[in-house]
There are 2 protein chains.
Amino acid sequence: MLTREQLNILCDIAGLDHVLTQKSDRICYSYDATQQQFLPDVVVHPGTATEISRILQFANQNHIPVLPRGAGTGFTGGSLPILGGIVLGLSRLDRILEIDEENLVAIIEPGVVTADFQKAVEKVGLFYPPDPASLKVSTMGGNVAECAGGPRCVKYGVTKDYIVGLELVTPTGDIIRTGGETMKGVVGYDLTKLICGSEGTLGVVTKIIAKLLPKPEAKKTMLVLFDSIDGAANAVSAIIRNKIIPTTLEFMDARTLECLRRSTELDVPNSANAALIIEVDGDIEFLDKQAEIISESIKALGIVDIRIASTDVESEKLWEMRRAVTGALRQVRPQIYNEDICVPRSKVPDMIRKIDSIAQRYGIPIVNFGHAGDGNIHVCIMVDISIPGEKESAEEVVKEVFSETLKLNGTMSGEHGVGITKAPFISMELEGNTVDYMKTIKKALDPNNILNPGKMFPSDVNS
Amino acid sequence: MLTREQLNILCDIAGLDHVLTQKSDRICYSYDATQQQFLPDVVVHPGTATEISRILQFANQNHIPVLPRGAGTGFTGGSLPILGGIVLGLSRLDRILEIDEENLVAIIEPGVVTADFQKAVEKVGLFYPPDPASLKVSTMGGNVAECAGGPRCVKYGVTKDYIVGLELVTPTGDIIRTGGETMKGVVGYDLTKLICGSEGTLGVVTKIIAKLLPKPEAKKTMLVLFDSIDGAANAVSAIIRNKIIPTTLEFMDARTLECLRRSTELDVPNSANAALIIEVDGDIEFLDKQAEIISESIKALGIVDIRIASTDVESEKLWEMRRAVTGALRQVRPQIYNEDICVPRSKVPDMIRKIDSIAQRYGIPIVNFGHAGDGNIHVCIMVDISIPGEKESAEEVVKEVFSETLKLNGTMSGEHGVGITKAPFISMELEGNTVDYMKTIKKALDPNNILNPGKMFPSDVNS
């Protein structure tokens, strides 16, 4: 607990209206998508980088943890105040400061909602590709902290590929600038990319310089239902072999389709055991040619049905199947452990088979869907924790899924990060020396372990 | 100087044949493209990461600087042994270990020559885009250390955009692995991108995992001569406004064309004051359409001549003009200070005007060419150091060019790095706090300052 005097200092820095101490207020900042809950001692909503700098200096002097927080949509607990302390809400820093149409860059504050940013740049014919599922709620600061991905990343890359500069308050309260507005720059270390995906442990982002693209003229969406997961996986390979990198290559496995059949009115043929949503974008004339090449290259791969959208409305209809997944799953089991492993693209069918076998062995249903184009599978382990022993079994399942992922040269997380949920497993993926190199950086930059302590690295490592 | 006993230890580690102590041998490792020279005490050519690890441990125990070296083609002295010590030649680590056609990744060693790597992947229909001018000589390890660029980067990005994993010997001799073979991965800090462009100060790269693309089907090259630099700059904007990001957008300014007129037989009309080489690649049918859109969008911008290649041979002919530049410049003045500033794309004409005015004021000819698409200008300050006072004037010119670059929100280096030549100027671009953040990382990871000491940061900062 902070003393009255300490709270007064925070009020002096951020203003009385921006310091929340009531329990009812603090509860709103105690959870995220992990459904875990930790109550912060105080929530502060600073208005400037200078205020954040002063808060961090104060926190260092008093050894109080500081937890930067965007919209709290993370799946791994990156914003949870597991040790209490100060939640630093960044929602007041929500301005789009500049969209430079000539140089295709934008300068924004971290509290800008991702979808709002996308809409703003699209209004002037530009394009910010990363599209995490949470984009209507999540903020750009959170996206940078976690290096958010999304379906379009197979063609366009992830958040860090679009971040070229940052303003950052360091863990000890310095305000620094990294990168800049130029498309190239090699003066000093690339701190920008180091910060992207560092999960709020190395600094508080207060300004973001993002690279933009011209908005593609049009898109074309296809939904293809296959009789086997191998058919879908081979389709992915065949498309890329034909020199097409689609905007999205989303897949759903047999169990996902089964859930959709059971819980929705959608037309999912019984013989379909896998689905791909393939979207291409670009020049309008060229799209038809691409669609033809795709249809031709996958036709021998056990197609049950192929549906091609000609209009935006039809495209939205095809996407309904993918969007209905989360809702459909919730009807099967009350809790879902949502993992986001990533394997080399060609290993997706092997991985699905391994997961099926784990699911069978433990008697816990697991459905798989996600981004086949980059091998990023959302493994949904469906749990009912009211069944005795099921929670423990599910935890074993997670561990086995990670273990099989790593055997296939994969990673435990393609998008969601480590946070607290994957921290206990980090040493399965990273060797001790590699973790030590990271820890050395963290310790040097945050000697008092103030910023997001206990996250990413196992707690013994981080203390 | 190393003692006989110390040299024996190195021979024990790397083998007698791989330790060079003769002055005649050491001279070969004493210089790079800066034309500066510093003699190392010894040159070692290790054969494995384990040997490198042992050498670094030995160097830490004995406080001997270690300078990893690729092909020595750098422009900023990144591989120069300015304090003597051990040059670590990486040429024996020259294997292409794997090209995974299914997953579009390759695993290579740092001593592989960039062009050889490109040829190897192109043989199987794949594509590694970064194309520094030195690619026929420079090695992938050096490209990673400096984050090499090249003409194609405007469309495809720079070296770090293609490096997804590394094996690295840390400054203290640990062997670590960063990233991996997956296209996404957010477990721990992104050490891979931190190492790219860190100029050999944070570790010795011993293995590289590179992302590949499908090789574009064809390309189309256009050479456009304009009556003014504004015409060329507006053309760049117009092309991008038409949603085309060409593979290359190389420009040459009036003074560059003047040099070509004087020193070559090439057909450079007198009324041409700027040139653009525009290349697009991709689907063969689509290229004609793109060329049409480009021609149409730039036709009102003061075109003196437009030449379009239909075959590879014709394309090579158009590129001759760009390739002849370096040779032509050498005929004008004996020394060239080759800077590589980068400004926001739209600021290129402003920058060229500023440079012209500096050149006039000091009476030193400066020619500008480079990558207009990303605002990366190769500023060639042409010096004859036999003229009394000219060296000093040229140094003032460099400083003024940097100063004007920074006023336009640019950077001192888009491709070449800091090394020793730009280290004295780093505080013009980076604020003290930012340099401190970088220094903190360097100091934590290399407490004895063994790896490439005195590079990047001003010497007082690095000691």
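Residues numbered from 1 in each chain as written. Chains lettered and ligands numbered in written order. Predicted model: local features only at pLDDT ≥ 70, side-chain atom pairs only at ≥ 80, totals over all residues. Heavy atoms only, no water.

Trainee: Kindly report on the pairing of strand β6 (residues 105-108) of chain A, identifying the contributing residues and their values.
Mentor: All names here are of chain A. By the alternation rule, side chains of β6 split into V105 and I107 and A106 and I108, which are all buried. The pairing of strand β5 (residues 96-100) with β6 spans four bridges and is antiparallel. By the bridge assignment for β6, I99 is matched with A106. Where β5 hands over to β6, the hairpin turn is made up of four residues, of which L104 adopts a positive phi near 55 degrees. Relative to strand β10 (residues 204-211), β6 runs antiparallel, the two sharing four bridges. (Buried < 20%, exposed > 50% of the residue type's maximum accessible area, 1.4 Å probe, protein only. Helix = DSSP H or I, 4+ residues; strand = E, 2+ residues; numbered from the N terminus. Pairing = 2+ DSSP bridges.)

Trainee: Can you lay out the relation of the copies chain A and chain B for me, pointing to particular residues and giving the numbers?
Mentor: Turning one copy of the chain about an axis and sliding it along that axis gives the other copy, so a rotation and a shift relate them. Between chain A and chain B, the superposition needs a rotation of 180 degrees and an axial shift of 0.0 Å, giving an RMSD of 0.0 Å. In short, the pair behaves as if placed about a two-fold rotation axis. When the interface residues of chain A are mapped onto chain B, 100% of them again fall at the interface, so both copies present the same face. (Least-squares fit on C-alpha atoms with pLDDT ≥ 70 in both. Contact = heavy atoms within 4.5 Å.)

Trainee: Outline the sheet that holds strand β9 (residues 175-179) of chain A, listing residues and values.
Mentor: Residues and elements named next belong to chain A. The sheet built from five strands is open, its strands ordered β5-β6-β10-β8-β9 with antiparallel pairing. Sheet topology places β5 and β9 at the edges, where each strand pairs with a single neighbour. Taken over all neighbouring pairs, the strand axes of this sheet differ in orientation by 10 degrees on average, direction set aside. Together, β5, β6 and β10 form the strand contacts of helix α4 (residues 114-123), whose direction differs from that of β5 by roughly 35 degrees. (Axes fitted to C-alpha atoms, helices over the stretch in contact; angles between N-to-C directions.)

Trainee: Kindly report on the domain arrangement of chain A, identifying the contributing residues and their values.
Mentor: Residue and element names in this part refer to chain A. Under the domain assignment used here, chain A contains domain 1 (4-89), domain 2 (96-214), domain 3 (218-320), domain 4 (333-407) and domain 5 (423-458). Computed over C-alpha atoms only, the centres of domain 2 and domain 3 are separated by 30 Å. Of the residues lining the interface, six residues belong to domain 2; the matching set on domain 3 comes to eight residues. Counting each side, the surface lost to burial between domain 2 and domain 3 is near 560 Å², with a carbon and sulfur contribution of 62%. For the domain 2 face of the interface with domain 3, the top three residues by lost area are P151, V154 and K155, together amounting to 77%. The interface formed by domain 2 and domain 3 holds one salt bridge in total. The partner of K155 in a salt bridge is D281, with the nearest N and O atoms 2.6 Å apart. Seen at the junction of domain 2 and domain 3, the total is two residue pairs in polar contact (both at pLDDT 80 or more). Of the residues that constitute the side of domain 2 that touches domain 3, the class distribution is four nonpolar, no polar and two charged. (Domains from an automatic or database assignment. Buried area = accessible area lost by both parts, 1.4 Å probe. Salt bridge = Lys/Arg side-chain N within 4 Å of Asp/Glu carboxyl O. Polar contact = N/O pair within 3.5 Å; in protein donor to acceptor, adjacent residues only side chain to side chain. Nonpolar A, V, L, I, M, F, W, Y, C, P; charged D, E, K, R; others polar.)

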